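Now for the letters of each chain:
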Amino acid sequence: MTQAEAKAVFAEIDTDGSREIWLSELRDYGKTHGGTVDGVKLADLVRGADTDGDRRISLSGFTSYFA
């Protein structure tokens, strides 16, 4: 995924416009796009992309993780 693609996906997932992705937003995004990922896998993804340990994914953390 390119940086531009990662930014576009981030914007889609960040439904509240907070510029951070919460676990619930990831879960909702997955449901609306036909995917089902269990809570443990989602939590692992958040931990992997969460650069400052606040349990949220920033744009920079998201693009670093996926691009």
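Since the model is a prediction, treat every value here as computed from it, not as a measurement. (Residues numbered from 1 in each chain as written. Predicted model: local features only at pLDDT ≥ 70, side-chain atom pairs only at ≥ 80, totals over all residues. Heavy atoms only, no water.)

Asker: I'm lost on the nonpolar core in this one. Help?
Answerer: Generally speaking, nonpolar side chains in soluble globular proteins are found buried as a group. In terms of nonpolar packing, the biggest core is built from 11 residues, these being Ala-6, Val-9, Phe-10, Ile-13, Ile-21, Leu-26, Leu-42, Val-46, Ala-49, Ile-57 and Phe-62. When residues of this core are traced back to their parent elements, those giving at least two are helix 1 (3-13) and helix 3 (39-49). The greatest single-element share of this core, amounting to 4 residues, is contributed by helix 1. Once you skip the residues sitting within four places of it in the chain, Ile-57 turns out to touch Phe-10, Arg-19, Glu-20, Ile-21, Leu-26, Leu-45, Val-46, Ala-49 and Phe-62. (Core = buried A, V, L, I, M, F, W, Y, C linked by side-chain atoms within 4.5 Å. Buried < 20%, exposed > 50% of the residue type's maximum accessible area, 1.4 Å probe, protein only. Helix = DSSP H or I, 4+ residues; strand = E, 2+ residues; numbered from the N terminus. Contact = heavy atoms within 4.5 Å.)

Asker: Would you take a moment to explain helix 1 for this structure?
Answerer: Owing to its 3.6 residues per turn, the α-helix aligns residues three or four sequence positions apart on the same side. Looking at helix 1, one finds that the buried residues are Ala-6, Val-9, Phe-10 and Ile-13. Around the axis of helix 1, the buried residues are gathered within 105° of arc, so they sit on the same side. For helix 1, the exposed residues set more than 90 degrees away from the buried face come down to Ala-4 and Ala-11. (Arc of directions from axis to C-beta.)

Asker: Would you explain the environment of Arg-27 in this entry?
Answerer: Position of Arg-27 among the secondary structure elements: in helix 2 (residues 23-32). Along the backbone, Arg-27 and Asp-50 are 23 residues apart, and their C-alpha atoms lie at a distance of 16 Å.

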